[in-house]
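# A look at the structure
Read off the chains here:
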Amino acid sequence: MAARAGLFAFLLIFAGALAGHHPAPAAESPAWQALAGGAIVLFRHSNAPGTGDPRDFRLGDCATQRNLDDAGREQARRIGEAFRSRGIAVGRVLASRWCRAQDTAALAFPGRVEGEPAFDSFFEARERRDAATAAARRILERWQGPGALVVATHQVNITALTGIVPRSGEGVVLRIENGEIRIIGRIQP
């Protein structure tokens, strides 16, 4: 009987995949539930090959920056689709002013992106880490909705806030409770 139930579950998942429906893994369920209730998600920008920024990097000039590739652009679109398909209300979308974070947020949530310097990368300027992290934390602490707060930022920023090293396009869902960051789960790219 257990084997038959397992086969039935497999067939349902397989049929859903063929139909284009991808059930959320059980591990993501608490994260998506929290977002439906107005939680916060910190997304590492989608796939942008390389590390850091080129020597001639200039803020506001995407031609001088490391940018999303085709896979990264598709990842970003899937992020937005995952929110829409689950009916998750988004209250605000903040992004680092780096083009790869701005593009991630804009492709996921067109017309909603606000540049926020507190979430700018400090990978090349480690002396900014403490001040940037404190400024980002103040923004997170003030969030009360309505809807979820979505932030597109960088690995160094997310790691400084949460201790987690996310993959490109991965989201870390959290809430602020009693002044502390409580990690609820992760959303895989």
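It should be noted that the structure appears before, not after, this text.
Presented here is a report on the structure given in the accompanying data block.

Parameters at a glance
- Residues numbered from 1 in each chain as written.
- Predicted model: local features only at pLDDT ≥ 70, side-chain atom pairs only at ≥ 80, totals over all residues.
- Heavy atoms only, no water.
- Helix = DSSP H or I, 4+ residues; strand = E, 2+ residues; numbered from the N terminus.
- Buried < 20%, exposed > 50% of the residue type's maximum accessible area, 1.4 Å probe, protein only.
- Contact = heavy atoms within 4.5 Å.
- Areas by Shrake-Rupley, 256 points an atom, 1.4 Å probe, with all protein chains shown as cover.
- Salt bridge = Lys/Arg side-chain N within 4 Å of Asp/Glu carboxyl O.
- Core = buried A, V, L, I, M, F, W, Y, C linked by side-chain atoms within 4.5 Å.
- Phe/Tyr/Trp six-rings, centres within 6.5 Å; stacked < 30°, edge-to-face > 60°.
- Disulfide = S-S within 2.5 Å.
- Pairing = 2+ DSSP bridges.

### Section: the overall build of the protein chain
- Secondary structure assignment for the protein chain yields six helices and six strands.
- Beginning at the N terminus, the succession of helices and strands in the protein chain can be written as α-α-β-α-β-α-β-α-β-α-β-β.
- Buried positions account for 44% of the 189 residues belonging to the protein chain.
- Taking as baseline every contact in the protein chain between residues at least 6 positions apart, the subset at least 24 positions apart corresponds to 62%.
- Taken as a whole, the protein chain presents about 9,900 Å² of accessible surface, with 54% of it coming from carbon and sulfur.

### Comments concerning the pattern of salt bridges
- For the coordinates displayed, the defined rule picks out eleven salt bridges.
- Of the charged contacts in the structure, one is a salt bridge between D53 and R100, with a shortest N-O distance of 2.8 Å. Note that D53 is positioned in the loop between β1 (40-44) and α3 (70-86) and R100 in helix α4 (residues 99-108), a separation of 47 residues in sequence. Both residues of the pair, D53 and R100, count as buried.

### Some thoughts on the nonpolar core
- Among the nonpolar cores identified, the biggest contains 24 residues, and L35, V41, F83, F109, V150, V173 and I187 are the most heavily contacted of them.
- Counting residues per element, the ones that place at least two in this core are α2 (29-36), β1, α3, β2 (90-95), α4, β4 (148-153) and β6 (180-187).
- Element by element, the count of residues in this core is highest for α2, at four residues.
- In this structure, V173 is in contact with A31, A34, L35, A39, I40, V41, R182, I183, I184, G185 and I187, ignoring residues within four places of it in sequence.

### Concerning the packing of aromatic side chains
- A full pass over the atoms with the stated rule returns four aromatic pairs.
- Pairing W32 with F83 gives two aromatic rings, centres 5.2 Å apart and planes at 75°, and the pair type is edge-to-face. Here F83 lies in helix α3 and W32 lies in helix α2, a separation of 51 residues in the sequence.
- Assessed through its relative accessible area of 7%, W32 is described here as buried.

### Structural notes on the environment of R78
- Structurally, R78 can be placed in helix α3.
- Exposure remark for R78: the relative accessible area of 42% places this residue in the partly exposed category.
- With 29 residues separating them along the chain, R78 and L107 place their C-alpha atoms 8.9 Å apart.

### As for the state of the cysteines
- Evaluation of the coordinates by the stated rule reveals one disulfide.
- Each sulfur in the disulfide pair C62 and C99 lies 2.0 Å from the other. Its torsion about the S-S bond being -90°, the disulfide of C62 and C99 is classed as left-handed. Residue C62 is located in the loop between β1 and α3, and its partner C99 is located in helix α4; the two are separated by 37 residues in the primary sequence.
- The class of C62 is partly exposed, set by a relative accessible area of 33%.

### Describing the pairing of β1
- The buried count for β1 comes to five of five residues, which makes it a mostly enclosed element.
- Neither face of β1 is open: one carries I40, L42 and R44, the other V41 and F43, and all of them are buried.
- Direction of pairing for β1 relative to strand β5 (residues 171-177): antiparallel, over a ladder of four bridges. Looking across to β5, one finds that L42 is bridged to V172.

### Some points on the side chain of H154
- Within the fold, H154 resides in the loop between β4 and α6 (155-162).
- Once residues within four sequence positions are removed from consideration, H154 is found in contact with R44, H45, S96, W98, R100, A101, F119, D120 and S121.

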